[in-house]
Amino acid sequence: MGDYTDYARDSFETQGSAADVGKGQKKDVVFGLEEAMALNAVNYPVNDNEDTSVADPVVTAIDTTKAVVQLGRGLDIGTANLVSSFQDNTGNVNLKIQRNAFIDIDCDDYTKNMLTRLGVQYVVVNNRMVVVGDPAFELANIFNRDTRRPMKAGMISPDENDALPIEKMLLETLLGSPNQQGENCYFSVPAEPIDAEMNVVYHQGVFGGLLKGMGYDPKPLIEGHAVVFSELAEDDFTGIGISCGGGMFNVCVAYKSIPALSFSTTRGGDWIDRNVGSALGISSSRACGLKEKGVDLANPHGREEEAVEIYYRNLISYTLKNIKERFESSSSMPSFPEPVSIVCAGGTSMIGGFIEVFQQEFEKIQFPLEIKEIRLAEDPLYSVSKGCLVAALSESV
Ligand SMILES: Nc1ncnc2c1ncn2[C@@H]1O[C@H](COP(=O)(O)OP(=O)(O)OP(=O)(O)O)[C@@H](O)[C@H]1O
Ligand SMILES: [Mg+2]
């Protein structure tokens, strides 16, 4: 295992541009999820067997001014989760994750005391108490309500008036101030969606503005490209990265780190929840709970799990067909001399049997590229943030 700093330095010193990642010598990457816990960050388990009891529901900012860290931050801005990353001087990567959600509650003495007793941080806005991130999710369960979400289908939500101040609070909590004015912060943005009349210009501008206001130098990175950076180093950053998120699937086909094709679709985990919910006559939140509780897509039990499997299969097949169509209709596709890997990241890829079903659907179509392997990212929830960090470190050295 090599040192991550050296890795980034070796990879990028000749070009200094994220788009050229991968020309240098390749080494393994050392990631330290434990360090994030030590710094009181909130971590989701990377797999189902991990102990979740260490997760502290109180949002706590890392005072990075006191830590000895490398310049350059990674930030995954997702519909469901926000994930920040930085690297310390020993080469470990520290990751923090928060749900991209909030809840507002009537401001009375009883509730105020309860939140204080529970150690939940809140701010008072227009005489309402606002709680953001993971604690909002926990409170929503206590109050039997849904959280409000600042983003929808991968972008800042047009239906949520309070989205911007909430995102500002969440980013301040996750990132804190830069270690140096103008520190690089690479943040994920969706590729242009192929199935919706939205574009990413406003969304990208809003988050760029928030990060700039915090003192960072914001740099957007397409989400699927970030997966290529974090997962395909061994393959010279050539292959297909897919981020299977809550609001979207983001696809990037890259050749030697340069994106040859990238697009997004507005179908992701939320789409599955909505459809399973309406098929079974239950709420989307219940459908989401059912989906996350440990379904095996390769071996579904009962009507509910079968509904989850049906929609997953449909979503994977839809994604593969779109890659095929886009690939075949593009006039400027490089030729890939060797078979490439497909790597799936994002929370939606974490369900049991995902790769098996992906493989089955893949075999049903005549895929235009020779594929050597279809695999899951090492840490699916953190993959995009890690890829953003790779890009940030490459420019900060
Ligand atoms: N174990 C699990 N099984 C199935 N789905 C899961 C699991 N864990 C999380 N998810 C789903 O993953 C999704 C969130 O994934 P992720 O954090 O990658 O999305 P995001 O990056 O916030 O969204 P996007 O990139 O689409 O804007 C949610 O739909 C959630 O229900
Ligand atoms: Mg995402």
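Computed from a predicted structure; not experimentally measured.

So, the pairing of strand β10 (residues 216–222)
Residues in a regular strand point their side chains to alternate faces of the sheet. As defined by bridge partners, strand β9 (residues 183–189) adjoins β10 across seven bridges and the pair is classed as parallel. Of the residues in β10, the one forming a bridge with E183 is Y216. Taken together, β9, helix α6 (residues 201–213) and β10 constitute a β-α-β crossover, and its handedness is right-handed.

What to know about the nonpolar core
Residues F187, V227, Y312, C344 and C388 are the most contacted members of the largest nonpolar core, which totals 90 residues. Ignoring any residue separated from it by four or fewer positions in sequence, one finds C388 in contact with G74, L75, D76, Y186, F187, S188, L221 and A226.

Remarks on the packing of helix α5 (residues 163–175) against α6
The contact between α5 and α6 brings their axes to 10 Å, and the two run at 50 degrees. The angle between α5 and α6 falls in the class oblique. For the pair α5 and α6, the crossing hand works out as right-handed. Within the contact between the two elements, α5 uses L164, E167, K168 and L171 and α6 uses V206, L210 and L211. When the residues that make up the contact of α5 with α6 are grouped by side-chain class, the tally is five nonpolar, no polar and two charged.

Focus on the site of ligand 1
The local shell around ligand 1 holds 23 residues, among which G78, A80, G245, G269 and G347 are the closest. At three residues, the largest contribution of residues to the shell around ligand 1 is made by helix α9 (residues 284–292). Grouping the amino acids of the shell around ligand 1 by side-chain chemistry returns six nonpolar, 13 polar and four charged. Both domains that meet at the shell around ligand 1, namely domain 1 (4–98 + 152–235 + 383–396) and domain 3 (260–376), each give it at least three residues.

Concerning the sheet that holds strand β6 (residues 128–132)
Read from one edge of the open sheet, three strands run β4-β6-β5, paired in antiparallel fashion. Each having just a single partner strand, β4 (102–106) and β5 (123–125) make up the two edges of the open sheet. Within the sheet, the average angular offset between the axes of one strand and its neighbour, ignoring direction, is 35 degrees. In this structure, β4 lies alongside β6, joined through five bridges in antiparallel fashion. Among the inter-strand pairings, D106 is bridged to a residue of β6, identified as R128.

Some remarks on helix α10 (residues 302–329)
Across its 28 residues, α10 extends 41 Å between first and last C-alpha, which sits within 8% of the 40 Å expected from 1.5 Å per residue. Turning to α10, its buried residues are A307, V308, E309, Y311, Y312, L315, I316, T319 and I323. The secondary structure elements touched by the buried residues of α10 are β11 (239–244), β12 (249–255), β13 (258–265), α8 (269–280), α9 and α11 (354–364).

Topic: the packing of α8 against α10
The N-to-C vectors of α8 and α10 enclose an angle of 140 degrees; their axes lie 9 Å apart at closest approach. When the axes of α8 and α10 are compared, the pair comes out oblique. Crossing geometry of α8 relative to α10 is assigned as right-handed. Listed contacts from α10 to W271, I272, N275, V276, A279 and L280 of α8 are E304, A307, V308, Y311, Y312 and L315. Along the lines of polarity and charge, the residues of the contact of α8 with α10 split into ten nonpolar, one polar and one charged.

Rules of the game
- Starting afresh in each chain, residues are numbered from 1 along the sequence in its written order.
- Starting at A for chains and at 1 for ligands, labels are handed out in the order in which the entities are written.
- Confidence filtering applies because this is a predicted model: local features only for residues at pLDDT of at least 70, side-chain atom pairs given and counted only at 80 or more, and all residues used for totals across whole chains, interfaces and linings.
- We call two strands paired when DSSP finds no fewer than two bridges between them.
- Only DSSP runs of H or I covering at least 4 residues are called helices, and only runs of E covering at least 2 are called strands; the numbering of each starts at the N terminus.
- Classification remark: right-handed applies to a crossover when, strands pointing away from the viewer, the course from the first strand over the helix to the second runs clockwise.
- What we call a nonpolar core is a set of buried Ala, Val, Leu, Ile, Met, Phe, Trp, Tyr and Cys residues whose membership is set by joining through C-beta atoms within 7 Å.
- Counting other C-beta atoms within 10 Å of each residue's C-beta, where C-beta atoms are placed from the backbone, gives the exposure class: buried for 20 or more, exposed for 12 or fewer, partly exposed between.
- Contact between two residues is assigned when their C-beta atoms, built from the backbone, lie within 7 Å.
- Each axis is a line fitted through C-alpha atoms, and for a helix only the stretch in contact is used; angles between axes span 0 to 180 degrees, taken between their N-to-C directions.
- Between 65 and 115 degrees an angle is taken as roughly perpendicular, under 35 as roughly parallel, over 145 as roughly antiparallel, and anywhere else as oblique.
- Take the far helix as the reference: if the near one is turned anticlockwise from it by less than a right angle, the crossing is left-handed, and if turned clockwise, right-handed.
- Residues are grouped as follows: nonpolar covers Ala, Val, Leu, Ile, Met, Phe, Trp, Tyr, Cys and Pro; charged covers Asp, Glu, Lys and Arg; every other residue, Gly included, is treated as polar.
- For each residue, a C-beta atom is placed from the backbone, and the residue is labelled near a molecule or strand when this atom is within 6 Å of it.
- Domain borders in the structure are assigned automatically or taken from a domain database.
- By definition here, a helix of n residues has an expected span of 1.5 Å times n minus one.

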